[in-house]
Amino acid sequence: MSLVIVGSVAFDTIRTPWGDREKIVGGSGTYCSLAASYFTRPRIVGVVGRDFPRKTLALLKSRGVDLEGLKVMAGKTFHWEGKYEEDPNRRTTLRTELNVFADFRPEIPARYRGSRIVYLANLNPEHHDYVLGQFRKPALVAMDTIRLWIDTKRDALLKELGRVDIFFANDEEARLITGETNLISAGKALVGLGPSLVLLKKGEHGALVFGRDFVFGVLAHPCEHVIDPTGAGDSFAGGFLGFLDKTSGLAGKDIRRAVVYGSVMASFAIEDFGIGRFLKLDRGLVEARFKQFRKLTTF
Ligand code: AMP
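Residues numbered from 1 in each chain as written. Predicted model: local features only at pLDDT ≥ 70, side-chain atom pairs only at ≥ 80, totals over all residues. Heavy atoms only, no water.

(A) How the structure looks around the overall build of the protein chain. Looking only at helices and strands, the protein chain features 10 helices and 13 strands. Its C-alpha atoms give the protein chain a radius of gyration of 18 Å, near enough to 19 Å, the size a compact globule of 299 residues would have. Burial status across the protein chain gives 56% buried among its 299 residues. If you take every contact in the protein chain between residues at least 6 apart in sequence, the share linking residues at least 24 apart comes to 63%. Surface summary for the protein chain: the accessible area is close to 13,200 Å², and the carbon and sulfur share equals 51%. Seen as two clouds, the 43 positive and the 35 negative side-chain charges of the protein chain have centres 6 Å apart. (Helix = DSSP H or I, 4+ residues; strand = E, 2+ residues; numbered from the N terminus. Rg over C-alpha atoms; globule rule 2.2 N^0.38 Å. Buried < 20%, exposed > 50% of the residue type's maximum accessible area, 1.4 Å probe, protein only. Contact = heavy atoms within 4.5 Å. Areas by Shrake-Rupley, 256 points an atom, 1.4 Å probe, with all protein chains shown as cover. Lys, Arg positive; Asp, Glu negative; His and termini not counted. Charge placed at Lys NZ, Arg CZ, Asp CG, Glu CD.)

So this is what it looks like as structure tokens:
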């Protein structure tokens, strides 16, 4: 059992039509590891400044997240600011202050190097080589990306797609990478670029999974009041990979269950600002929502 998550641990400033929050804890690595912690004991690799709250580090630890790979450096923590419109699927980045994240060259602790699953969350694709070169032979390598890398590091991104097993993307990213407007065509085109599994997240419309010879879909949890969509994608990846790490299987049925657990964790993430919802979440509530998903799709 071993899942390593390499990603940002951050402060986020969030603006929505129904409220704002200044400098709350966020980051792709934070969301992903918290979501995964309901299934496995994830290992996180990242960097924060000395201004990062000890309370949050203690929370991650209490959830069983292994923090050996999280460096605390002199300087300020990465700070991202985003604004949502009435349609929560529309987001604009207002600010990206990299701070200590700017010189981040992820060092993988010796104890993590034999890990089974590696997740590269929103990382600059030019840094993948350096990170993956430190692992012995992971059974699964998964990655996510953001518009920034599609726009600025397209060639490196396409090269990385050729060597990962799993790729997570939202509908906008899938369209931008492939040039296909139809999502089914975009999903198939992404599989054609390399990954054996592509998970296309469609916000409130759920997720589609593309394999070499199958397509599978899940609905999203019917949530009428999205508070803060930030971290939904990372929480989806955390639930998905955390479940796969625990089951240690990769059969079709494991993948399908993992997709539902990914959707369950994303549905919790959006119910409060930042990581707030995870502070009041236990495994019983996760299972209860998993059952609701089953009910929603049984006919
Ligand atoms: P998501 O909503 O799942 O796509 O991810 C949102 C998280 O990504 C936020 O908590 C941000 O802190 C983080 N983020 C935004 N921009 C970057 C970036 N350039 N590199 C790494 N993480 C980022």
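Having seen the model, we can carry on.
(B) Looking closely at the sheet that holds strand 5 (residues 66-73). Ordered by their spatial adjacency, nine strands build an open sheet running 5-4-1-8-9-10-11-12-13, and the pairing between neighbours is mixed. Taken across any chain shown, the strands that pair with only one partner, and hence form the sheet edges, are strand 5 and strand 13 (215-218). When strand polarity is set aside, the average angle formed by the axes of neighbouring strands in this sheet is 15 degrees. (Pairing = 2+ DSSP bridges. Axes fitted to C-alpha atoms, helices over the stretch in contact; angles between N-to-C directions.)

(C) A look at the packing of aromatic side chains. Summed over all chains, the structure comprises 11 aromatic pairs. Arranged with centres 6.3 Å apart and planes meeting at 35 degrees, the rings of Y38 and F278 form a pair that is tilted. Of this pair, Y38 sits in the loop between helix 1 (28-36) and strand 4 (43-49) while F278 sits in the loop between helix 9 (252-269) and helix 10 (283-297), placing them 240 residues apart in sequence. Its relative accessible area of 5% is what places Y38 among the buried residues. Residues F39 and F243 carry aromatic rings whose centres are separated by 6.4 Å and whose planes lie at 90 degrees to one another, so their mutual orientation is edge-to-face. Residue F39 is located in the loop between helix 1 and strand 4, and its partner F243 is located in helix 8 (residues 232-247); the two are separated by 204 residues in the primary sequence. By the burial criterion, F39 is buried, and F243 matches it. (Phe/Tyr/Trp six-rings, centres within 6.5 Å; stacked < 30°, edge-to-face > 60°.)

(D) Region of the structure containing the site of the ligand. Around the ligand sit 18 residues, and of these S8, D12, G27, G231 and D234 come closest. Between an oxygen atom of the ligand and a main-chain N or O atom of G233, the distance comes to 3.3 Å. D234 places a side-chain nitrogen or oxygen 2.6 Å from an oxygen atom of the ligand. Coverage of the ligand by the protein amounts to 92% of the 510 Å² it exposes when considered alone. For the shell around the ligand, the secondary-structure elements that each account for two or more residues are strand 2 (10-16) and helix 8. Broken down by element, the residue count for the shell around the ligand peaks at three residues, all from helix 8. (Near = heavy atom within 4 Å. Polar contact = N/O pair within 3.5 Å; in protein donor to acceptor, adjacent residues only side chain to side chain.)

(E) Inspection of the pattern of salt bridges at higher detail. On inspection of all chains with the given rule, the structure shows 21 salt bridges. Ionic pairing is found between E172 and R147, a salt bridge with its closest N-O pair at 2.8 Å. With E172 in helix 6 (residues 171-178) and R147 in helix 4 (residues 147-152), this residue pair connects regions lying 25 residues apart in the sequence. You can call E172 partly exposed: its relative accessible area is 39%. Here the salt bridges share partners, and the residues they tie into one network are R15, D20, E22, E81, R95 and E97. (Salt bridge = Lys/Arg side-chain N within 4 Å of Asp/Glu carboxyl O.)

(F) Local environment of the nonpolar core. By size, the foremost hydrophobic cluster in this structure holds 57 residues, and its most contacted members are Y119, F168, F240 and F278. Looking at which element gives the most residues to this core, the answer is helix 9, with 10 residues. Those residues in contact with Y119, other than ones at most four positions away along the chain, are L3, V4, I5, V6, C32, A142, M143, D144, F168, D234, A237 and L241. Listed in part, the 39 residues of the second largest apolar core include A10, A174, V191 and V198. (Core = buried A, V, L, I, M, F, W, Y, C linked by side-chain atoms within 4.5 Å.)

(G) Main features of helix 10. Taking 1.5 Å per residue, 15 residues should reach 21 Å; helix 10 reaches 22 Å between its end C-alpha atoms and fits that length. Buried within helix 10 are the following residues: V286, R289, F290 and F293. What you see down the axis of helix 10 is that its buried residues fit within an arc of 110 degrees, all on one side. Turned more than 90 degrees away from the buried face of helix 10, the exposed residues are K291 and K295. (Expected span 1.5 Å × (residues − 1). Arc of directions from axis to C-beta.)

(H) Seen up close, the packing of helix 9 against helix 10. Viewed as axis vectors pointing N to C, helix 9 and helix 10 meet at an angle of 115 degrees, and their least axial separation amounts to 10 Å. For the crossing formed where helix 9 meets helix 10, the hand is right-handed. Residues R257, V260, Y261, S263, V264, M265, S267 and F268 of helix 9 lie in contact with helix 10, whose contacting residues are R283, L285, V286, E287, R289, F290, F293 and R294. Classifying every residue of the contact of helix 9 with helix 10 by side-chain character gives nine nonpolar, two polar and five charged. (Left-handed = near helix turned anticlockwise from the far one by under 90°. Nonpolar A, V, L, I, M, F, W, Y, C, P; charged D, E, K, R; others polar.)

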